[in-house]
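Breakdown of the fold
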Amino acid sequence: MRTFLGMVLGCLLTIGVVYIHDSMATSSVASGASASASRQIVNWDVAASEWGQVKNNVHTTWLKLTANNG
C-alpha cells in the first residue's frame, strides 16, 4: 500500500512541478528582460482535450456496462 501511495504522490508531485514551471515560463513576470529563453514542457490545451476524451470514453463505457447488466 505504501508503494502505491508513493507512486500516486510522485505522479501528482511531478504534474504539479511541471505546471508551476510552465506557468512561470509564460507569465509576464518571468518574461522580463533578464529572463532566460524558456519553453513550456506540456501543451496544456492538448492535455485538456485528451483528458476530456478519456473522461467521455470512460463515461460511455460505464453506460454500456450498466445497460448490459440491467
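The coordinates are above.
Nothing here was measured: the structure is a model prediction, and the numbers come from that model.

With that out of the way, let us pick up the overall build of the chain. In terms of helices and strands, the chain carries 2 helices and 0 strands. In the structure as shown, the chain presents an accessible area of about 6,300 Å², 65% of it carried by carbon and sulfur atoms.

Next up on the list: a nonpolar patch on the surface. Among the surface-exposed residues, Met1, Phe4, Met7, Val8 and Leu12 lie close enough to one another that they form a single nonpolar patch of about 590 Å² accessible area. Here Phe4 shows up in helix α1 (residues 2–26). Under the relative-accessibility criterion, Phe4 is labelled exposed at 53%.

Moving on, we get to the packing of aromatic side chains. Summed over the entire model, instances satisfying the criterion amount to 1 aromatic pair. Ring plane angle 80° and centroid distance 5.4 Å describe the contact between Tyr19 and Trp44, whose orientation is recorded as edge-to-face. Taken together, the residues span a long stretch of sequence, with Tyr19 in helix α1 and Trp44 in helix α2 (residues 44–69) at a distance of 25 residues. Classification of Trp44 as partly exposed rests on a relative accessible area of 28%.

About the cut-offs
- Residues numbered from 1 in each chain as written.
- Predicted model: local features only at pLDDT ≥ 70, side-chain atom pairs only at ≥ 80, totals over all residues.
- Heavy atoms only, no water.
- Helix = DSSP H or I, 4+ residues; strand = E, 2+ residues; numbered from the N terminus.
- Areas by Shrake-Rupley, 256 points an atom, 1.4 Å probe, with all protein chains shown as cover.
- Patch = residues over 30% accessible without salt bridge, like charges linked within 9 Å, V, L, I, M, F, W, Y side chains within 5 Å.
- Salt bridge = Lys/Arg side-chain N within 4 Å of Asp/Glu carboxyl O.
- Buried < 20%, exposed > 50% of the residue type's maximum accessible area, 1.4 Å probe, protein only.
- Phe/Tyr/Trp six-rings, centres within 6.5 Å; stacked < 30°, edge-to-face > 60°.

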